[in-house]
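Survey of secondary and tertiary structure
Listed below, chain by chain, are the residues.
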Amino acid sequence: MNLLTRYNQLIREAAEDAEPFMRPTAILALISQLTFFIVWSYIFPQLYENLPIRIFAGLFCLPMIFKDRWSPTWRKYLPYYWQVGIFINLPFTFAFFLLQNQFSQVWLLSMLVSSLLLTVFIDWISAIIMFTTGVVLAWLIHYLISHDVTGFQNYMEILSISFFGLILGGAINFRLQRYRIKQREFEKRMHLISIKNRNLIRQYNQILSRFLSNILVKRLVRLQDQYGLDKAIERITGQERRFCAIMQADVRNFTKMFGSESEHQVAQLISMCFSEVIEYGQNLAVIKPVGDCIFLYCDDEEGREQAVLNILTLAFLLVNTVQNINSALKLTDTPPLNFGIALHAGEVTYGNIASETMIDPTIIGINVNMTARLEELTKTPNIKEIVGTNGIILSDVFFSLSKQYFEGFHPITINLDQLGVSVRDFPDVSKVYAVPRSIAESHQEFLEHYVHEREKRPQINYSVAQNEYLGVDYNYIMQGTGADITWIMQINIGGFSRNVVTTYASEKLTDLNYAITSGLEPWIELNTEKFPGEYGESEIEDKIIKVIEELSAMDLPT
């Protein structure tokens with residue numbers, strides 16, 4: 001049984017090597033059978049020709065021309081159908097026509113060529129078996145037709161020469177098969193090395209995501225796939241002009257707070273205010289906390305309106321967070337927190353400013369200064385009275401781009417000239433908009449939905465959507481992080497007997513959970529939930545390859 005299993009594996013491997021030229025070979029066989037009937041019948045007439053045999057041999061190859069359309073159930077038998085097709089078209093047909101043509105020179109040479117070709121298309125063991133079977137069957141049919149045994153000695157002499165060609169071709173084929181086995185092993189090792197490289201890339205991306213906003217990490221990963229790491233960093237950090245939506249928020253009366261609270265308690269309060277914005281804003285903007293101030297920007301890669309929406313959402317989120325903290329502070333003697341918040345949008349200079357060796361891009365320019373000056377307005381008594389505690393100031397540009405997003409979003413128009421107030425360094429600005437905290441609080445449901453939709457870190461974890469081994473499709477994906485990592489694997493079992501798969505899974509896959517689906521494309525789904533955190537990607541790939549190899553060896557055609 002082990003011998004039969006090994007031979008079956010040899011047939012499958014030989015068919016896998018031959019598959020790229022199965023279709024052209026089948027087409028050539030179909031055309032050649034009809035063409036040589038005409039050649040040997042009319043152009044260079046031979047003693048014997050047989051159109052029905054040639055039609056049968058040619059048409060037998062027809063299904064192989066459409067092998068890519070075979071269902072998974074039938075595709076399992078392709079290696080054996082290929083062998084039968086080779087048997088009919090080479091050793092049997094050539095030996096029979098040699099006998100019927102009374103060992104003519106044309107068919108002597110053709111027989112020698114067929115023995116050499118046989119070792120090209122199939123494995124060396126099958127070539128010897130087929131050649132022997134084909135010449136014996138051809139002699140029996142010839143004898144039944146003619147009852148002539150006088151040519152048997154000549155037949156054996158010719159076969160001995162052809163058999164020498166078969167042995168020579170088989171030896172070359174054997175060496176080629178050994179080379180192909182080593183090549184497959186090498187490719188498998190290289191595949192595993194590439195997986196390890198992807199693991200390393202994933203790990204450093206996870207490290208980067210601890211220090212950079214997810215927006216930057218996503219962009220870096222995407223650019224790295226396109227241009228390589230060095231070029232990606234250059235594009236991330238290079239200075240260029242961009243349109244950005246900008247937010248600056250600063251704690252009011254920060255210095256006075258130290259009179260009633262310790263520095264550590266004040267730091268904890270500020271951290272609480274920023275934590276939710278930083279946690280949920282990672283996928284919406286680049287966030288830079290600086291002491292008691294937080295600075296955010298989002299460029300227009302997804303469009304100007306999207307950039308403005310992201311920043312406005314985070315501004316509302318900050319207001320709601322601070323108000324929740326203030327509600328808790330009412331139970332203590334700690335004074336409530338009040339932020340000055342300003343939002344603006346416009347062209348800026350983006351890139352690394354201080355160093356070319358750090359991935360720390362920022363933005364500078366007149367519109368960044370404008371945002372800071374608008375935030376200062378919240379200190380002005382007249383403006384503070386309109387905006388209120390933890391209200392937001394919008395520039396005219398920002399309001400124009402944002403007003404379409406929120407139902408009932410009606411900021412208060414502030415005419416600075418009428419109030420006798422001006423924006424420092426920007427005397428031409430005559431109008432801004434105030435968004436009291438009540439507006440932010442009224443959109444709490446929208447905020448929760450929006451930020452939670454985009455709160456996940458980028459999918460740096462590698463997954464294989466589709467791959468193939470020994471003609472079997474599979475995929476896998478990783479879920480969770482750290483010690484909670486689990487893997488889900490799917491293997492297409494359309495080419496295997498369901499009973500064999502069920503038996504194999506119950507006996508060999510006891511360390512995994514498994515489920516077998518039905519339908520046109522049945523799959524076995526495996527997961528590692530029994531042992532979370534125990535498997536890496538290379539182990540998962542090895543596991544899938546082992547399952548496919550063992551199923552292929554077990555599931556012999558019946």
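Residues numbered from 1 in each chain as written. Predicted model: local features only at pLDDT ≥ 70, side-chain atom pairs only at ≥ 80, totals over all residues. Heavy atoms only, no water.

1. Describing the overall build of the protein chain
Helix and strand counts for the protein chain come out as 22 helices and 13 strands. Here the protein chain holds 558 residues, and 49% of them are scored as buried. Across the protein chain, contacts joining residues at least 24 apart in sequence account for 71% of those joining residues at least 6 apart. Accessible surface for the protein chain amounts to roughly 28,700 Å². Of this, 57% is attributable to carbon and sulfur atoms. (Helix = DSSP H or I, 4+ residues; strand = E, 2+ residues; numbered from the N terminus. Buried < 20%, exposed > 50% of the residue type's maximum accessible area, 1.4 Å probe, protein only. Contact = heavy atoms within 4.5 Å. Areas by Shrake-Rupley, 256 points an atom, 1.4 Å probe, with all protein chains shown as cover.)

2. A word on the layout of surface pockets
There is about 520 Å³ of room inside the second largest pocket. The wall of the second largest pocket is formed by 23 residues, among which Ser32, Asn89, Leu90, Phe94 and Leu117 lie closest to the centre. Counting residues per element, the ones that place at least two in the lining of the second largest pocket are helix H2 (22-43), helix H6 (78-100) and helix H7 (105-121). Ranked by residue count, the leading element in the lining of the second largest pocket is H2, at 8 residues. When its residues are assigned to classes, the lining of the second largest pocket shows 15 nonpolar, 7 polar and 1 charged. (1 Å grid on protein atoms, 1.4 Å probe; cavity = no way out; pocket = protein on both sides within 12 Å on 5 of 7 lines; lining within 4 Å. Points joined across faces, edges and corners; volume = space filled by probe spheres on them. Nonpolar A, V, L, I, M, F, W, Y, C, P; charged D, E, K, R; others polar.)

3. Quick notes on the confidence of the model for the protein chain
Detailed reading of the predicted coordinates is not advisable wherever pLDDT falls low. Per-residue confidence for the protein chain gives a mean pLDDT of 81; residues scoring 70 or more make up 84%. Least confident of the elements in the protein chain is helix H12 (residues 254-257), whose mean pLDDT is 61; most confident is helix H3 (residues 51-60), at 94. When the criterion is pLDDT under 50, residues 456-460 qualifies, and its contacts beyond four places in sequence or with other chains add up to 14 contacts. (pLDDT = per-residue confidence, 0-100.)

4. Side note on the side chain of Asn320
By the element assignment, Asn320 lies in helix H14 (residues 304-329). The residues contacting Asn320, other than those within four sequence positions of it, are Ala440, Glu441, Gln444 and Leu447.

5. Brief notes about helix H11 (residues 229-237)
Turning to H11, its buried residues number three or more, namely Ala232, Ile236 and Thr237. Along the axis of H11, the buried positions cluster into a sector of 115°, meaning they face one direction only. (Arc of directions from axis to C-beta.)

6. Describing the nonpolar core
With 49 residues, the main nonpolar core has Met247, Ile341, Leu343 and Leu394 as its most contacted residues. Broken down by element, the residue count for this core peaks at 14 residues, all from H14. Those residues within four positions of Leu394 in sequence are excluded, and the remaining contacts are Leu312, Leu343, Phe399, Phe409, Pro411, Val432, Tyr433 and Val435. (Core = buried A, V, L, I, M, F, W, Y, C linked by side-chain atoms within 4.5 Å.)

7. Notes on unusual backbone geometry
In this structure, Phe103 is a non-glycine residue whose phi angle is positive, near 60°. Looking at where Phe103 falls in the secondary structure, it is placed in the loop between H6 and H7. Relative accessible area serves as the criterion here: at 18%, Phe103 is assigned to the buried category.

8. What about empty space enclosed by the protein?
One simple way to see leftover space: roll a probe sized like a water molecule over the atoms. Taken as a whole, this structure holds 3 cavities of 30 Å³ or more when the rule is applied. Approximately 60 Å³ is the volume found for the second largest cavity. Arg252, Asn338, Phe339, Gly340, Thr378, Lys384, Val387, Gly388, Asn390 and Gly391 are the residues that line the second largest cavity. The set of elements that each furnish at least two residues to the lining of the second largest cavity consists of strand S4 (339-351) and helix H16 (381-387). Grouping the constituent residues of the lining of the second largest cavity by class yields 2 nonpolar, 6 polar and 2 charged.

9. Quick notes on the packing of H2 against H6
Two numbers describe how H2 lies on H6: the axes approach to 12 Å, and their chain directions differ by 30°. On the basis of the axis angle, H2 is roughly parallel to H6. In the crossing of H2 with H6, the sense of the turn from one axis to the other is left-handed. Together, Met22, Thr25, Ala29 and Gln33 of H2 and Leu78, Trp82 and Asn89 of H6 make up the contact between the two elements. (Axes fitted to C-alpha atoms, helices over the stretch in contact; angles between N-to-C directions. Parallel < 35°, antiparallel > 145°, perpendicular 65-115°, else oblique. Left-handed = near helix turned anticlockwise from the far one by under 90°.)

10. Section: the packing of helix H21 (residues 498-508) against helix H22 (residues 537-554)
Between H21 and H22, the shortest axis-to-axis distance is 11 Å and the interhelical angle comes to 130°. Between H21 and H22, the angle falls in the class oblique. For the element pair H21 and H22, the recorded crossing hand is right-handed. Listed contacts from H22 to Val500, Val501 and Tyr504 of H21 are Lys546, Val547, Glu550, Leu551 and Met554. Grouping the amino acids of the contact of H21 with H22 by side-chain chemistry returns 6 nonpolar, no polar and 2 charged.

11. A few points about the pattern of salt bridges
This structure, assessed with the given rule, holds 9 salt bridges. With a shortest N-O distance of 3.5 Å, Arg304 and Glu347 are connected by a salt bridge. With Arg304 in helix H14 and Glu347 in strand S4, this residue pair connects regions lying 43 residues apart in the sequence. Arg304 gets classed as partly exposed once you look at its relative accessible area, which sits at 38%. We classify Glu347 as partly exposed; its relative accessible area is 31%. For Arg373, the salt bridge goes to Glu376, with nearest N and O atoms at 3.7 Å. Here the residue Arg373 and the residue Glu376 both occupy positions in helix H15 (residues 366-377), the gap between them amounting to 3 residues, near one helical turn. The partly exposed category is assigned to Glu376, whose relative accessible area is 23%. (Salt bridge = Lys/Arg side-chain N within 4 Å of Asp/Glu carboxyl O.)

12. A look at the packing of aromatic side chains
One pass over the full model with this rule turns up 24 aromatic pairs. Here Phe92 and Phe96 contribute two aromatic rings whose centre-to-centre distance is 6.2 Å and whose plane-to-plane angle is 15°, an arrangement assigned as stacked. Residue Phe92 and its partner Phe96 are both found in helix H6; the two are separated by 4 residues, about one turn of the helix. By the burial criterion, Phe92 is buried, and Phe96 matches it. For Arg54, the ring lying beneath its charged end belongs to Phe97, and the centroid distance is 4.8 Å. We note Arg242 situated over the ring of Tyr350; from NZ or CZ to the ring centre the distance is 3.6 Å. (Phe/Tyr/Trp six-rings, centres within 6.5 Å; stacked < 30°, edge-to-face > 60°. Lys NZ or Arg CZ within 6 Å of the ring centre and 35° of its normal.)

13. Let's talk about the side chain of Asp299
In this fold, Asp299 is placed in strand S3 (residues 293-299). A distance of 2.7 Å separates the side chain of Asp299 from the side chain of Arg242, its partner in a polar contact. A distance of 3.1 Å separates the side chain of Asp299 from the backbone nitrogen of Glu301, its partner in a polar contact. Among residues more than four places away in sequence, those in contact with Asp299 are Arg219, Arg242, Phe243, Cys244 and Ala307. (Polar contact = N/O pair within 3.5 Å; in protein donor to acceptor, adjacent residues only side chain to side chain.)

14. Focus: the environment of Glu49
Topologically, Glu49 is positioned in the loop between H2 and H3. The class for Glu49 is buried, based on a relative accessible area of 17%. In the structure, Glu49 is positioned 52 residues away from Asn101 in sequence and 8.3 Å away in space, judged by C-alpha atoms. Apart from residues no more than four positions distant in its own chain, Glu49 is found in contact with Phe36, Phe37, Trp40, Ser41, Arg54, Phe97 and Trp107. Of note is the side chain of Glu49, whose polar atom sits 2.8 Å from the side chain of Arg54.

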